[in-house]
Amino acid sequence: ARTASCQLALRMDCRESALLVSVLLLALALCSAQNYVLSDDGGLGRVFDGIGGLSGGGATSRLLVSYAEPYRSQILDFLFKPNFGASLHILKVEIGGDAQTTDGTEPSHMRYENDENYYRGYEWWLMKEAKKRNPNITLIGLPWAFPGWVGRGKNWPYDYPDVTATYVVNWILGAKQYHDLDIQYVGIWNERSFDIKYIKVLRNMLDKVGLIGVGIIAADGDWSVANSMILDPYLNNSVDVIGAHYPGTTTITEALKTQKKLWSSEDYSTFNNEVGGGCWARILNQNYVNGQMTATISWNLVASYYEDLPFGRDGLMTAEEPWSGNYVVESPIWITAHTTQFTQPGWTYLQTVGHLAQGGSYIALTDGKGNLTVVIETMTHNHSVCIRPPLPPFNVTSQNATFWLKGSIASIKELQVWRSQFDFKTNKPSFFEKLKPLKLVDGSFTLNLAEDEVYTLTTVSTGSKGSYPDPPPSARFPKVYKDDFDVRNPPFSEAPYFADQTGVFEYYINLTDPGPHVFTLRQVLTERPITWATDADQTISVIGDYYWQSLTVTCDVFMEKMNAGGVFIAARVDKGGQSIRSAKGVFFWVFADGTYKVTNDLVGETVLAEGQSGTEVHSWYTLSLTVKGQYASGSLNGYPLWKNAVILTPKAGWAAIGTRSFELAQFDNFALVAE
């Protein structure tokens, strides 16, 4: 057919030179195009399960909740609203475990065995906001960490599988009872290994309490659980989805043999500039083309945490300035839209998907009712590198591609066209641009595909590129900031802008204090949690601008632990997240034994000053720390306690509050002034 078309074009009687040139160009394009067949004649491929984002693992949406309206709702619309932005099909959230799980801690619903509270944290709110915009969104929960009591004295959650399963099942039941949220899947914590007995116990417990429809994703790590599933029919029946993290678009034979759904249940984790968008474009297609994965979930949903924490800006979009209202709709949002706005979970991949001859890939999906969506990407190697795993070399060059529609889709006459061009050469990209509809000729269409492009060709006509007026301009954290924590009915358990790095700091009503400290911020953990990350031995919450050098931090403090209790305020804290144990800065401590200490590190090994303070448990004190240039000074209740401690490093960092250990302590009237 292609040869006939070439001969016909070349034999046309061209009477005008312009027409001749056009015909010759068309003929050359047709003759040089590679042919690809899209057909359902031989049956269909796997059922599509959707594209999603991940909030948590950990505290990646921490700053989002502090945005004022209308900006917070606008951000949520770009993430979840159908036919507007990313239009996500899946939201996966962390089941908080009170522990550091990458960029911060998220509070648990069961801090102690006899404690249940289904209003802590912000993931409940986020799931409801997502569901409000897309009632059909799939909701998934996964615990990255657990309160210490779950391990019965061990830093491992699976020695007592009944206890751990009860903890997880209660979260699912609480989601429904208190928030009317139906959780469709729950993941298995697997940063070190998966536990077969626990998976079986969890499946049995879910069924016993009537949660038969809640599927288990195992093992939210690598593909190795598939080997065990093949050998163990009961385990195989317990697992609904095999989920891998950062699979590099490939799977293993054993996973395919199980005939289970295969998901990239955590992927991307890449800085969200244009190369990050290219990474996302490539893996969204090739996770299925290479690995038969029918869902891909981005870590993370939205980069809404301090950028200088680990993996800064590794989200589909950026919302890290609630104090200014500024947010940025990054390229991954629009790359997501190329698929999500023109498909739905339950659609089916055609078997005829694959790689383009000159590099790139194409997928095709149908709803079985006559609709077709084709997504093509031509991302080059250097413009689509993800953070992990290493990307083997490959080549992509410009090419012409002719697609022939066969089978039940052969009668399609017109396709809507959406295009994104990264245009790395001029740095003038265009994303999710609607082009003129494409008329099919004899059931085919030809595209001239340049490097680093994404195309969607679809019968679905409801797609749109949503927009709002520009948000306020970007601004640094305010140099003067105060919070007295006097909130009678806080919408969230956490205070604005504080980012807990070890421990959990929550609003607290101190009913035993009739004075000025009724409403406070309290560090509530008294036991070290179970976590794969390395929490510090001290608790700490950071706030402010990472690049602050000279500032004064003031806070009222109240120790509740007898004898060994202690609290601190700090400046120039230089690390957080998984690196929090090695954080340096200027830490001003007072202790319940009547002493004070000034250290250059969180662990307290490098002592800059120390002495008697007269502090004791169950009394309020006002601490003030001033750091300017190479010197620091501190006061207690307005009187100088130490001065001119020499600070050589670090040169800058966040402000912070915290405790000596996992102990109860309260904070009030926090204030900072930076130069």
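Residues numbered from 1 in each chain as written. Predicted model: local features only at pLDDT ≥ 70, side-chain atom pairs only at ≥ 80, totals over all residues. Heavy atoms only, no water.

The protein is annotated in an unreviewed UniProt entry as Galactocerebrosidase from Astatotilapia calliptera. Per UniProt, the protein carries the Function (unreviewed entry) text "Hydrolyzes the galactose ester bonds of glycolipids such as galactosylceramide and galactosylsphingosine." Quoted verbatim from the Subcellular location (unreviewed entry) field of UniProt, the annotation for the protein is "Lysosome". (UniProt positions renumbered as here; feature names shortened; annotations may be inferred.)

(A) Quick peek at the overall build of the protein. Looking only at helices and strands, one finds eleven helices and 38 strands in the protein. Taken over the C-alpha trace, the protein has a radius of gyration of 28 Å; the compact-globule value for 675 residues is 26 Å, and the two agree within 12%. In terms of overall dimensions, the protein has a C-alpha envelope of 100 × 60 × 40 Å along the principal axes. Of all 675 residues assigned to the protein, the portion counted as buried reaches 61%. When contacts within the protein are restricted to residue pairs at least 6 apart in sequence, those whose partners lie at least 24 apart make up 72%. Total accessible area on the protein is roughly 25700 Å²; 51% of this is exposed by carbon and sulfur atoms. (Helix = DSSP H or I, 4+ residues; strand = E, 2+ residues; numbered from the N terminus. Rg over C-alpha atoms; globule rule 2.2 N^0.38 Å. Buried < 20%, exposed > 50% of the residue type's maximum accessible area, 1.4 Å probe, protein only. Contact = heavy atoms within 4.5 Å. Areas by Shrake-Rupley, 256 points an atom, 1.4 Å probe, with all protein chains shown as cover.)

(B) Spatial organisation of the state of the cysteines. Per the counting criterion, the structure on display carries one disulfide. Here C279 connects covalently by a disulfide to C386, the sulfurs 2.0 Å from one another. In this structure, the disulfide formed by C279 and C386 twists by about 100° around the S-S bond and is classed as right-handed. Residue C279 is located in helix α10 (residues 274-289), and its partner C386 is located in the loop between β17 (372-377) and β18 (399-406); the two are separated by 107 residues in the primary sequence. Its relative accessible area of 0% is what places C279 among the buried residues. Overall, C386 belongs to the buried group, its relative accessible area being 8%. (Disulfide = S-S within 2.5 Å.)

(C) Local environment of the pattern of salt bridges. Inspection of every chain in the model, using the stated rule, returns 24 salt bridges. One salt bridge connects R133 with D77, and the closest N-O pair in it is separated by 2.6 Å. Here the residue R133 occupies a position in helix α4 (residues 123-133), and D77 occupies one in helix α3 (residues 71-80), the gap between them amounting to 56 residues. Neither R133 nor D77 differs from the other in exposure class; each is buried. Across the salt bridge formed by E113 and R152, the nearest N and O atoms sit 3.0 Å from each other. Here the residue E113 occupies a position in the loop between β4 (90-94) and α4, and R152 occupies one in the loop between β6 (145-146) and α5 (161-179), the gap between them amounting to 39 residues. The class for R152 is partly exposed, based on a relative accessible area of 36%. Bridged by salt links that share partners, the residues D77, E129, K132 and R133 form one connected network. (Salt bridge = Lys/Arg side-chain N within 4 Å of Asp/Glu carboxyl O.)

(D) Examining the side chain of D452 more closely. Note that D452 resides in the loop between β21 (444-449) and β22 (453-458). The side chain of D452 sits in the buried core without any salt bridge; K425 is the nearest counter-charge, 8.1 Å away. Every residue in contact with D452, bar those within four places of it in the chain, is listed here: T378, M379, T380, H383, S420, Q421, F422 and F424. (Lys, Arg positive; Asp, Glu negative; His and termini not counted.)

(E) Quick look at the sheet that holds β21. Read from one edge of the open sheet, three strands run β1-β18-β21, paired in mixed fashion. Sheet topology places β1 (34-39) and β21 at the edges, where each strand pairs with a single neighbour. Averaged over all neighbouring strand pairs, the angle between strand axes comes to 25°, with direction disregarded. With six bridges joining them, β18 and β21 adopt antiparallel strand pairing. Residue W404 lies in a different strand from β21, and its bridge partner there is S444. (Pairing = 2+ DSSP bridges. Axes fitted to C-alpha atoms, helices over the stretch in contact; angles between N-to-C directions.)

(F) Broad picture of the pairing of strand β10 (residues 261-268). Of all eight residues in β10, seven are buried; the element is thus mostly enclosed. For strand β9 (residues 241-245) and β10, the ladder comprises five bridges, and the chain directions are parallel. Bridge pairing links H245 to E266 in β10. Handedness of the crossover is the feature at issue here: the chain leaves β10, passes through α10, returns alongside strand β11 (residues 295-299), and the resulting connection is right-handed. (Right-handed = clockwise from strand over helix to strand, strands pointing away.)

(G) Geometry of the side chain of T249. If you trace the backbone, T249 turns up in the loop between β9 and α9 (253-257). A distance of 3.0 Å separates polar atoms of two side chains, one belonging to T249 and the other to N290. Residues contacting T249, with those up to four places away along its chain left out, are R282, I283, Q286, N287, N290, G291 and M293. (Polar contact = N/O pair within 3.5 Å; in protein donor to acceptor, adjacent residues only side chain to side chain.)

(H) Examining the packing of α10 against helix α11 (residues 331-340) more closely. Running from N to C, α10 and α11 point in directions that differ by 20°, and their axes come no closer than 8 Å. Accordingly, the angle class assigned to the pair α10 and α11 is roughly parallel. Along this stretch, α10 crosses α11, giving a crossing that reads as right-handed. Here α10 contributes E274, G277, W280, A281 and L284 to the contact with α11, which in turn contributes S331, P332, I335 and T336. Its residues assigned to classes, the contact of α10 with α11 comprises five nonpolar, three polar and one charged. (Parallel < 35°, antiparallel > 145°, perpendicular 65-115°, else oblique. Left-handed = near helix turned anticlockwise from the far one by under 90°. Nonpolar A, V, L, I, M, F, W, Y, C, P; charged D, E, K, R; others polar.)

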